[in-house]
Number of protein chains: 2
Amino acid sequence: MTTQGLVMINTGHGKGKTTAAFGQALRAAGQGLKVCIIQFIKGETKTGEALALASAFPGQVELHLAGTGFTWKQDMETVKAAALAGWQLAREKISSDAYDLIVLDELTYLIGFGILTEEEVIALFRERPQRLHLVITGRDAGQGLIEYADLVTEMRAIKHPFQQGIKAQKGIEF
Amino acid sequence: MTTQGLVMINTGHGKGKTTAAFGQALRAAGQGLKVCIIQFIKGETKTGEALALASAFPGQVELHLAGTGFTWKQDMETVKAAALAGWQLAREKISSDAYDLIVLDELTYLIGFGILTEEEVIALFRERPQRLHLVITGRDAGQGLIEYADLVTEMRAIKHPFQQGIKAQKGIEF
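Given the structure is predicted, the values throughout are model-derived calculations rather than measurements.

Visitor: When you look at the overall build of chain A in this model, what are you seeing that I'm missing?
Guide: From N to C terminus, chain A includes 6 helices and 6 strands. Listing each helix as α and each strand as β along chain A from the N terminus yields β-α-β-α-β-α-β-α-α-β-α-β. The C-alpha radius of gyration of chain A comes to 16 Å, within 12% of the 16 Å expected for a compact globule of 174 residues. Overall size of chain A, expressed as C-alpha extent along the three principal axes, is 50 × 35 × 30 Å. Across the 174 residues in chain A, those meeting the buried criterion constitute 58%. Total accessible area on chain A stands at roughly 7,300 Å², and carbon and sulfur atoms take up 51% of it.

Here is the structure:
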């Protein structure tokens, strides 16, 4: 059976986009696939799921933080430089043919901020090795990306605890 | 800081409900929390994420398959007996105060099939230890459960590869 790499997108304004992407990475790792995760927005702090995957699957799951945290205190040039370095890394990883699944976490924001165009992103995806699955997360995935993808899920917030004044808790929110 | 256990629901007809729940379990495990997962519908076959979590966190993440696979070849009594045994196990695990997070995967179907009532499910949740977080997955979560929950996310399918004739692949779909 030939593997047909799928392009999967988790979008929408609800929770679970990144969490589901990590769940997908976990599933893939559990079946012996090689996984690379690039997080575009997040800064230095490693989340519980990142720590867990990295320690549970050394040599099989790779994690890169390409973001600066994206706070409003940073000037746009710093944010942009980090994002472009992350995108360069994504290019290398995608072309390397060393992975079965690559997660590009929060990639859509780079398009939203005008750092990348949807066209260049799709062009890279088209050139990828046939077996390579991609998972893209982030709000407001554009129409071109949605049309190109094989699987698109929208996470819609019906209810969120922060709206009710409950604080973020370790192991749950991060 | 006192931990306030949250009730989180992943519902809707899209993909990612169980995957996000496993991502949440991974996150929690990565932060050192104790996790128990009960899968109500799935039968004997262990998925990639289940295999991965169980092997990566022995003694910290526990997995129980309480389902029969729920195929239409089975009579309703067999399905019901397995579901009720799973529910009894859930009662014990929830009351034990031995976990920080319990995932009740596909629990909503038990309510949908009339095996459990929403009232008895919510009653058990109300009595749980204060620190205990719960993640519930499954389509068509009822209004009572949604009102009781802290966080509710609907996964909506915008596009699905099975609609396009692409087969389920190991490490991606299971």
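Picking up after the structure, the text goes on.
Visitor: Explanation requested: the relation of the copies chain B and chain A in the structure shown.
Guide: Put simply, the two copies of the chain differ by a rotation about an axis and a shift along that axis. In screw terms, the move from chain B to chain A is a rotation of 180° and a rise of 0.0 Å along the axis, fitting with an RMSD of 0.0 Å. Taken together, these values place the two copies in the relation of a two-fold axis. Take the interface residues of chain B: 100% of them recur as interface residues in chain A, which is what a same-surface contact looks like.

Visitor: What should I look at first to understand the sheet that holds strand E3 (residues 61–65) of chain A in this one?
Guide: Hydrogen bonds along the backbone pair up the strands of a sheet, which may run parallel or antiparallel. Ordered in space as E3(A)-E2(A)-E4(A)-E5(A)-E1(A)-E6(A)-E6(B)-E1(B)-E5(B)-E4(B)-E2(B)-E3(B), the 12 strands form an open sheet in which the pairing is mixed. The sheet is open, and its two edges are formed by E3 of chain A together with strand E3 (61–65) of chain B, each paired on a single side. Taken pair by pair, the neighbouring strands of this sheet meet at an average axis angle of 15°, ignoring direction. Lying on the sheet, helix H1 (residues 17–30) of chain B is in contact with strand E1 (7–11), strand E2 (35–39), E3, strand E4 (101–105), strand E5 (133–137) and strand E6 (151–159) of chain B; it crosses E2(B) at an angle near 160°.

Visitor: How do you make sense of helix H2 (residues 48–56) of chain B when you look at a structure like this?
Guide: Since the α-helix advances by 3.6 residues per turn, residues separated by three or four positions end up pointing in the same direction. The complete set of buried residues in H2(B) reads B:Gly48, B:Glu49, B:Ala50, B:Ala52 and B:Leu53. Buried residues in H2(B) make contact with helix H1 (17–30) of chain A together with H1, E2 and E3 of chain B.

Visitor: Honestly, the interface of chain B and chain A in this entry has me stumped. Any pointers?
Guide: Where the parts come together, the accessible area they lose is often given as the size of the interface. Facing 52 residues of chain B, the contacting portion of chain A comprises 52 residues. Three residues, B:Arg27, B:Lys159 and B:Ile172, lead the burial of chain B against chain A; their summed loss comes to 17% of the area buried on that side. Where B:Arg27 meets A:Glu49, a salt bridge forms, and the shortest distance between an N and an O atom there is 2.7 Å. At the boundary of chain B with chain A, the tally comes to 24 residue pairs in polar contact (both at pLDDT 80 or more). Of all the secondary-structure elements, those providing two or more residues to the side of chain B that touches chain A are H1, H2, helix H6 (143–148) and E6 of chain B. Residue classes in the side of chain B that touches chain A are distributed as 26 nonpolar, 16 polar and 10 charged. The pairing of strand E6 (residues 151–159) of chain A with E6(B) spans 7 bridges and is antiparallel. Bridge assignment links A:Ala157 to a residue of E6(B), and that residue is B:Thr153.

Visitor: Sorry if this is basic, but what is going on with the packing of helix H2 (residues 48–56) of chain A against H1(B) here?
Guide: Two quantities define a packed helix pair, namely the angle between the helix axes and the distance between the axes. Between H2(A) and H1(B), the least distance of the axes is 7 Å, while the angle of their chain directions is 85°. By the angle between their directions, the pair H2(A) and H1(B) is classed as roughly perpendicular. Residues A:Gly48, A:Glu49, A:Leu51, A:Ala52 and A:Leu53 of H2(A) pack against B:Gly23, B:Leu26, B:Arg27 and B:Gly30 of H1(B). In the contact of H2(A) with H1(B), the residues fall into 4 nonpolar, 3 polar and 2 charged.

Visitor: It is not clear to me how the pairing of E6(A) should be interpreted in this structure. Could you clarify?
Guide: Successive side chains on a regular strand alternate, one facing one side of the sheet and the next facing the other. Both strand E1 (residues 7–11) of chain A and E6(A) contribute to a ladder of 4 bridges, which runs parallel. Bridge pairing in E6(A) places A:Asn10 opposite A:Thr153.

Visitor: What is the right way to look at the packing of helix H3 (residues 76–96) of chain B against helix H5 (residues 118–126) of chain B in this model?
Guide: Residue and element names in this part refer to chain B. For the pair H3 and H5, interaxial distance at closest approach is 10 Å and the crossing angle is 20°. Considering the angle they form, H3 stands roughly parallel to H5. Where H3 crosses over H5, the two elements pack in a sense that is left-handed. Listed contacts from H5 to Trp87, Arg91 and Ile94 of H3 are Glu120, Val121, Leu124 and Phe125. Considered class by class, the residues forming the contact of H3 with H5 number 5 nonpolar, no polar and 2 charged.

Visitor: When you look at the confidence of the model for chain A in this model, what are you seeing that I'm missing?
Guide: For any part of a model where pLDDT is low, the fine detail of the predicted coordinates should not be relied upon. All names here are of chain A. In the predicted model, chain A carries a mean pLDDT of 89, and 90% of its residues have values of at least 70. At the level of individual helices and strands, chain A shows its lowest average pLDDT in H2, which scores 83, and its highest in strand E5 (residues 133–137), which scores 98. Confidence estimates for the predicted assembly give a pTM of 0.86 and an ipTM of 0.78.

Cut-offs and rules
- Residues numbered from 1 in each chain as written.
- Chains lettered and ligands numbered in written order.
- Predicted model: local features only at pLDDT ≥ 70, side-chain atom pairs only at ≥ 80, totals over all residues.
- Heavy atoms only, no water.
- Helix = DSSP H or I, 4+ residues; strand = E, 2+ residues; numbered from the N terminus.
- Rg over C-alpha atoms; globule rule 2.2 N^0.38 Å.
- Buried < 20%, exposed > 50% of the residue type's maximum accessible area, 1.4 Å probe, protein only.
- Areas by Shrake-Rupley, 256 points an atom, 1.4 Å probe, with all protein chains shown as cover.
- Least-squares fit on C-alpha atoms with pLDDT ≥ 70 in both.
- Contact = heavy atoms within 4.5 Å.
- Pairing = 2+ DSSP bridges.
- Axes fitted to C-alpha atoms, helices over the stretch in contact; angles between N-to-C directions.
- Buried area = accessible area lost by both parts, 1.4 Å probe.
- Salt bridge = Lys/Arg side-chain N within 4 Å of Asp/Glu carboxyl O.
- Polar contact = N/O pair within 3.5 Å; in protein donor to acceptor, adjacent residues only side chain to side chain.
- Nonpolar A, V, L, I, M, F, W, Y, C, P; charged D, E, K, R; others polar.
- Parallel < 35°, antiparallel > 145°, perpendicular 65-115°, else oblique.
- Left-handed = near helix turned anticlockwise from the far one by under 90°.
- pLDDT = per-residue confidence, 0-100.

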